[in-house]
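# Residue-level structure breakdown
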Amino acid sequence: MINSPAAPQKKMTIAIIGNPNTGKSTLFNLLSGGHAHIGNFPGVTVEKKVGHVRWEGRELDLVDLPGTYSLAPRSIDEMLAVDVLLGRQKEVDQPDAIICIADASNLERNLYLFSQILDLTIPVILVLNMCDLARSRGIQIDAEGLSQKLNVPIVCTEAHHGVGISALKEAILQIEPGCRHQAQQLFPESFYTERKLLQDKLQTDEKQSPPDFLVDRLLLDVGGYVESYFEHHAQNGLIDHLHEARTRLKESGCAVPAMEARLRYAWAREQLNGVLTHPDDHQETTSDKIDRWLTHPVLGFLFFFVLMFFVFQSVFTWAGPAMDYVESGQGVVEEAAQALVGPGPLRSLLVDGVIAGVGGVLIFLPQIVILYFFIAVLEDSGYMARAAYIMDRLMRSLGLSGKSFIPLMSSFACAVPGIMATRVIENRHERLTTILVAPLMSCSARWPVYTLFIAAFIPNIVYFSIAGSPLVSLQGVVLFAMSSIGALIAIPVAWFLKRICFKGEVAPFVMELPGYKWPSPRHVFYRVYNRAKSFVVKAGTLIFATSILIWAAGYFPGDHTEQFKVETRLEAIDTEIGEIETQLASAEELEPAALKGLEGQQAELSAEQEVLAEKQNQISSELVENSFLGQAGHFIAPVVKPLGWDWKIGVGVIASFPAREVIISTLGTIYSLGGDVGEDDEGLIGSIRSATWPDGSKVFNIPVAVSIMVFFALCAQCAATLMVMRRETNSWFWPVVSFTYMTTLAYLGALLSYQVGMLLI
């Protein structure tokens, strides 16, 4: 007898939700094994984390929802969590069960959200996390007794130490897909009467009434997201009916929204009565003692700035060697490609397009990894909540909250990790505002431009020195001004965005300060790994594609035949010179005549090499001028002339839109010096100093140099930043907005700098 195989069990979808700082992300990482797919929900900036796992032959999708204190949606982000739980969100199946993570040391507060989840009638598991913290505070919980009172499974965990995870998995696997429980009746009968009347009204208007939970939210949340939705979509006096219903509830002694908080907290206290005991006297915890110093109005501020200085100095310093390794690795791969493929279009595509594009992606990885390491450590230790609290007052004057400070600070190193760091901001408008002003911070890629033009045109006047060492000089002042101008411009831009584009009061800063704890190495690793992977896979693809397009614009439609001939001959000369040097290394074995002959041959080859290198630079310069990129430079020449620029500067600016630092190599190519020049190259500095217009007048002077630096300080010349912005906002609209307003600002700033400067000289 052959047994037929058992029917495969249906895949289950499990939603994980909880208050912020309850260890929800740590539990998600432990349950998913760190194998999470990270993206955005369609059309919004809310991060979607889904972990696909298989336990005992059953497949499960674990969906990590944003941390929230309640299911009363006040923004699109919170509405998204409700839509996921109700099965109204595309790409995510309706959850078969919900795991509600609660802080065991603050259970009454956390049961507010849990009571709303019970209204969904979906099976729920209550996880009492951080039980060790509760015990340390003298809090005792009868979990079995509470489970019987709530009639739901309860699992006690210490996610930080991986305790209780097996029990949680076992509880999840015992859930029967498709089962539902009876909704609880917390509110008075008059509320359910008004709900029925409102449902009838909605059914008349929309043919199908929304779920009971949304009708409840419509009735309970005055000015909430659900009410705003129906204000714009409903007709036939629905809003008037809603106001009348609330009036009737108020007259019956059930005024909303106060009724909900009163009844739910009363219900929570009733459930905890007899199963939870607190110590008689309040015990000052270690976290309380630390907070006396770290949240102090003065000392806390100083500690925060010292810590941030250390973080960003570390990002800048530690990433340097790793970035050097990336560049060295890129050089090795380029040499290997050049050895395998002779001069021609394929080599150019491989070296200047593909390898340069991949290198342009990986070069950001060290900064992203280091920054996210610090963010993960600060978040997991509990300090990040304090940092947001400390900076909230300062950032609020710009219409932002304290959570915007770290993304903006990190953008001084690089806007790419800075924009990615905005994920800590829950409020959508604040997050978009922070994303849009982050590229104005003066990142390290702008420094080569500042260095080149300051060295070339700004006099080295020393105002103050000690023992011959200049401390304050004109060049230093100009460098500081250029590095600060973006941050200064960001203040009115952020104010404008918040007051005009993203109207509304700054979200009240409500955050529960979690207890301090040692960061979990496993959690920190998962967070850093997932962020790095997300950047390379998602944003890296777009950055790579942009690099290929810019290469094509600079390569076509020119005839590169002569360039490749010269390149081939130069490589042959390199080989011949190498062979001669090998023979000269054993000069003692050579006859004097042979030795003299080799030296003469070496001198002839070196002379030919010099001539050909100059010819190659000249050919490259002509090819760039006649390429689509060069044609674009000539096309915009009338536009950039009011800035004091010629077409060569225009080409350099266009070529540097993928990355600002590219202007140095582009100017080197245009001025026939080769593309491997640095910002401190004397030949390049001399060439731009001596560049002239057709009438013989100088192209560059101090106003032109300042206008170029101002343009680079304000313009969104970084494809990686725009691609990451697209990735984080899930839309091309915001990168276009950022590019447009920053380019306009940059042009106006450069125009003002040049025109005013010309009046002064």
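Look a little higher up for the structure.
Residues numbered from 1 in each chain as written. Predicted model: local features only at pLDDT ≥ 70, side-chain atom pairs only at ≥ 80, totals over all residues. Heavy atoms only, no water.

Structurally, Ser-115 is set in helix α3 (residues 107-118). On the accessibility criterion, Ser-115 (0% relative accessible area) is buried. Ser-115 has contacts with Gln-184, Leu-186, Arg-264 and Trp-267, leaving out every residue within four places of it along the chain. A polar side-chain atom of Ser-115 sits 2.7 Å from the main-chain carbonyl oxygen of Tyr-112. (Helix = DSSP H or I, 4+ residues; strand = E, 2+ residues; numbered from the N terminus. Buried < 20%, exposed > 50% of the residue type's maximum accessible area, 1.4 Å probe, protein only. Contact = heavy atoms within 4.5 Å. Polar contact = N/O pair within 3.5 Å; in protein donor to acceptor, adjacent residues only side chain to side chain.)

Further remarks concern unusual backbone geometry. A negative phi holds for most residues other than glycine; trans holds for most peptide bonds. Look at the link from Phe-556 to Pro-557: it is a cis peptide, with omega at 5°. With respect to the element layout, Pro-557 can be found in the loop between α22 (521-555) and α23 (561-585). Unlike most non-glycine residues, Met-130 shows phi in positive territory, near 60°. Position of Met-130 relative to the elements: it lies in the loop between β6 (124-129) and α4 (131-136). You can call Met-130 buried: its relative accessible area is 12%. If you check the backbone angles, Asn-151 has positive phi at about 60° while not being a glycine. With respect to the helices and strands, Asn-151 occurs in the loop between α5 (143-150) and β8 (154-156).

Here we take up the nonpolar core. Formed by 95 residues in total, the largest nonpolar core has its most connected members in Val-416, Phe-453, Trp-645, Phe-700 and Ile-708. The biggest single contributor to this core is helix α30 (residues 702-714), with nine residues. With residues up to four places along the chain from it excluded, the contact list for Trp-645 reads Val-640, Val-653, Trp-693, Val-704, Ser-707, Ile-708, Phe-711 and Ala-750. Core analysis: the next-biggest nonpolar cluster, separate from the first, contains 64 residues, Leu-86, Leu-107, Val-152 and Leu-220 among them. (Core = buried A, V, L, I, M, F, W, Y, C linked by side-chain atoms within 4.5 Å.)

On to the pairing of strand β1 (residues 12-18), then. Burial analysis of β1 places seven of its seven residues in the buried class, the great majority of the element. Neither face of β1 is left uncovered, since the one carrying Met-12, Ile-14, Ile-16 and Gly-18 and the one carrying Thr-13, Ala-15 and Ile-17 both have all their residues buried. Two strands pair when backbone bridges link them, and β1 and strand β5 (residues 97-103) are joined in this way by five bridges, in the parallel orientation. Its bridge partner lying in β5, Ile-17 is registered against Cys-100. (Pairing = 2+ DSSP bridges.)

To continue, consider helix α6 (residues 165-173). Because the α-helix completes a turn every 3.6 residues, residues three or four places apart line up on one side. Looking only at α6, the buried set comprises Ile-165, Leu-168, Ala-171 and Ile-172. In an axial view of α6, the angular spread of the buried residues amounts to 120°, which keeps them on one side of the axis. Facing away from the buried side of α6 by more than 90 degrees, the exposed set consists of Ser-166 and Glu-170. (Arc of directions from axis to C-beta.)

Scanning all chains against the criterion turns up 22 salt bridges. A salt bridge links Glu-260 to Arg-217; the shortest N-O distance between them is 2.8 Å. Remark: Arg-217 occurs in helix α8 (residues 212-220) and Glu-260 occurs in helix α11 (residues 258-272); sequence separation between them is 43 residues. Arg-217 carries the same exposure label as Glu-260, and that label is buried. What emerges from the salt-bridge pattern is a single network uniting Asp-119, Arg-217, Asp-221, Glu-260 and Arg-264. (Salt bridge = Lys/Arg side-chain N within 4 Å of Asp/Glu carboxyl O.)

One can find Asn-19 in the loop between β1 and α1 (24-32). At 3.0 Å, the side chain of Asn-19 and the backbone oxygen of Thr-68 are in polar contact.

For the rest of this paragraph, the subject is the environment of Gly-630. With respect to the secondary-structure elements, Gly-630 resides in helix α25 (residues 628-635). Note on Gly-630: relative accessible area 0%, which makes it buried. The spacing of Gly-630 and Tyr-555 is 75 residues in sequence and 10.0 Å in space, taken between C-alpha atoms. Among residues more than four places away in sequence, those in contact with Gly-630 are Val-624, Glu-625 and Val-651.

Turning next to the packing of aromatic side chains. Inspection of every chain in the model, using the stated rule, returns 18 aromatic pairs. Seen from their ring centres, Phe-191 and Tyr-192 are 5.3 Å apart, and the 85° between their planes marks the pair as edge-to-face. Note on accessibility: Phe-191 and Tyr-192 belong to one class, buried. Between the aromatic rings of Phe-711 and Phe-712, the centroid separation amounts to 6.3 Å while the plane-to-plane angle is 70°, which identifies the pairing as edge-to-face. Comparing Phe-711 with Phe-712, the two get one shared label, buried. (Phe/Tyr/Trp six-rings, centres within 6.5 Å; stacked < 30°, edge-to-face > 60°.)

A few words on the pairing of β6. For β6, a buried count of six out of six residues is recorded, marking the element as mostly surrounded by other parts of the structure. Covered by surrounding structure in β6 are Val-124, Leu-126 and Leu-128 together with Ile-125, Val-127 and Asn-129, the residues of both alternating faces. The pairing of β5 with β6 spans six bridges and is parallel. When the sheet's bridge partners are listed, Ile-98 is paired in β6 with Val-124. In this sheet, β8 lies alongside β6 in parallel orientation, the contact comprising three bridges. Looking across to β8, one finds that Val-127 is bridged to Val-155.

Right, let's get into the packing of helix α20 (residues 447-457) against helix α21 (residues 474-501). Between α20 and α21, whose axes approach to 11 Å, the crossing angle comes to 150°. At the point where α20 passes α21, the crossing takes the right-handed sense. Facing α20, whose interface residues are Trp-447, Tyr-450, Ile-454 and Ala-455, α21 presents Gln-475, Val-478, Leu-479, Met-482 and Ser-483. Across the contact of α20 with α21, the residue classes break down as seven nonpolar, two polar and no charged. (Axes fitted to C-alpha atoms, helices over the stretch in contact; angles between N-to-C directions. Left-handed = near helix turned anticlockwise from the far one by under 90°. Nonpolar A, V, L, I, M, F, W, Y, C, P; charged D, E, K, R; others polar.)

As a further point, take the state of the cysteines. One pass over the full model with this rule turns up zero disulfides. This cysteine, Cys-156, is not joined by any disulfide, and Cys-131 carries the nearest cysteine sulfur, 4.1 Å off. (Disulfide = S-S within 2.5 Å.)

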